[in-house]
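Topology and contacts: notes
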Amino acid sequence: MFNKEIESMPEKKMKELQLERLKWSVNHAYTNVPFYKKKFDAAGFHPDQLKSLDDMKRVPFLTKQDMRDNYPYGLFAVPLSKVVRVHASSGTTGNATVVGYTKSDVNVFAEVVARCLAAYGVSENDVIQNAYGYGLFTGGLGLHYGSEKLGALTVPISGGNTPRQLMLFKDFGTTVLCSTPSYALNVADYIETKMPDFKIESTKLRVGVFGAEPWSEAMRAEIEKRLKIDAYDIYGLSEVIGPGVSCECSAKSGLHVHEDHFYVEIIDPDTGEVLPEGTKGEIVYTSLTKEAFPGIRYRSRDISMLYHDNCSCGRTLVKMEKVSGRSDDMLIIRGVNVFPSQVETILMEAEGTEPHYQIIVDRKGSMDDIEVMVEVNEKIFSDELKVLNNLSKNIADRFRSVLGITAKVTLVEPQTIPRSEGKAVRVVDKRKI
Ligand code: DLL
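Keep in mind that this is a model prediction, so the values were computed, not measured.

**A look at the packing of aromatic side chains**
In this structure the tally under the stated criterion is eleven aromatic pairs. Ring centres of Phe35 and Tyr36 lie 5.3 Å apart, and the angle between their planes is 75°; this geometry places the pair in the edge-to-face category. Of the two residues, Phe35 and Tyr36, neither departs from the other in class, the shared state being buried. The interplanar angle of 40° and the centroid separation of 5.2 Å between the aromatic rings of Tyr73 and Phe76 together place this pair among those described as tilted. Accessibility expressed as a relative area gives 41% for Tyr73, which makes it partly exposed. For Phe76, a relative accessible area of 7% gives the class buried. Aromatic ring contacts, followed pair by pair, group Tyr30, Phe35, Tyr36, Phe40 and Phe45 into a single cluster. Across the ring face of Trp215, the terminal group of Lys322 is positioned such that the distance to the ring centre comes to 3.8 Å.

**Re the domain arrangement of the protein chain**
Looking at the protein chain, the domain boundaries give domain 1 (1-327) and domain 2 (331-432). Taken residue by residue, the interface counts 23 residues in domain 1 and 16 residues in domain 2. When the two sides are added together, the surface that domain 1 and domain 2 hide from each other amounts to roughly 1500 Å², 51% of it contributed by carbon and sulfur. Our count for the contact surface shared by domain 1 and domain 2 stands at ten residue pairs in polar contact (both at pLDDT 80 or more). The element best represented in the side of domain 1 that touches domain 2 is helix H8 (residues 181-194), accounting for six residues. Residues of the side of domain 1 that touches domain 2, tallied by class, amount to eight nonpolar, ten polar and five charged.

Rules and cut-offs
Residues numbered from 1 in each chain as written. Predicted model: local features only at pLDDT ≥ 70, side-chain atom pairs only at ≥ 80, totals over all residues. Heavy atoms only, no water. Phe/Tyr/Trp six-rings, centres within 6.5 Å; stacked < 30°, edge-to-face > 60°. Buried < 20%, exposed > 50% of the residue type's maximum accessible area, 1.4 Å probe, protein only. Lys NZ or Arg CZ within 6 Å of the ring centre and 35° of its normal. Domains from an automatic or database assignment. Contact = heavy atoms within 4.5 Å. Buried area = accessible area lost by both parts, 1.4 Å probe. Polar contact = N/O pair within 3.5 Å; in protein donor to acceptor, adjacent residues only side chain to side chain. Helix = DSSP H or I, 4+ residues; strand = E, 2+ residues; numbered from the N terminus. Nonpolar A, V, L, I, M, F, W, Y, C, P; charged D, E, K, R; others polar.

Quick look at the structure:
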């Protein structure tokens, strides 16, 4: 463990630490950010009333819209002279959401990422090729600083340029690849289709650090098989800090939350009511130590569940279930709720499909219409039409029986679905265009 004292702290002691830090953080936001003062006052809440963790229920939520309304620096709690870095989301659907970091925040960010890498068995002896995008996106710099903090040799290659990534695997003796899981698959595809002589076995690659988008267990198996690595999940969001909010460990069953820095709750997304451990709902985050941009009860829209399970790795930190999707990614097809990850799981179960797919939703008249396009491998694609028809029929039957939706399934040739160097675009919802 990178920080054994914290990562294996008894639950009760962790709760005491959280309460102490919460008092500071909530007060810090209230005193230094007019937005929070106004919001708390309107809700009849004062930071002095925070006597137990349970009292957090009374604190109003922060939403993405609040962040957009206060673009760019309106929610910062320190003067700009103390802010040493900003990151921002792309802002394709409105103002970008901007987050700031003091020197101390940058240190915390590096610490939590270093803990994740150590949890994957990565050490200063590793060569980490960081293919997350460098820039306003938190992935690149987030992994970079964490990797340096761990003391590993850090290769800041950023995303894209697959031939160069492969060259560096060989030349630099890369042992760890950090990227989105969809990009890792692109790398595997590239090797198979364009560089058949490149033998992944002849490289030293052994660990993958994948996150920034949901990915199923089936996708993990596929990546592990094709890149011959151990693939681990890393989770985070810029509004909270970036990557490193939580990570898997050797058990690969759920992600430990770095709860000395982030207080987590699960709520019912419809009522806002806090749900007990072991219940699925929307994750809400409160930063405990962040100076520049304290986030108090931020509604992430991510769906997960919290639990303690005496993890075999020895960490006592609460676990969150792998995030399967966001409540705002949830598609409602003729009244049925469907997550892209559920579609992915069914597609991956079918023989001959590739993990590249897109869900296209449209409205024909008053009816929602859904088409799932999925790539199939060369062998299947060159098979008789009858084989292809059977495969698409079987997949459509599974959608009907498992998810309760009627979807048109279109099998397409390899390399048809657009590739991304960052987060994959899984859904095209034409009803919103
Ligand atoms: O994606 C931070 C990150 C970078 C995480 C690199 C991991 C690796 P944002 O761009 O703000 O930050 O997007 C955050 O992406 O609310 C989730 O919906 C989704 N997400 C991030 N990691 C995972 C994951 C970065 N491991 C949003 N599994 C989050 C599922 C994830 N979804």
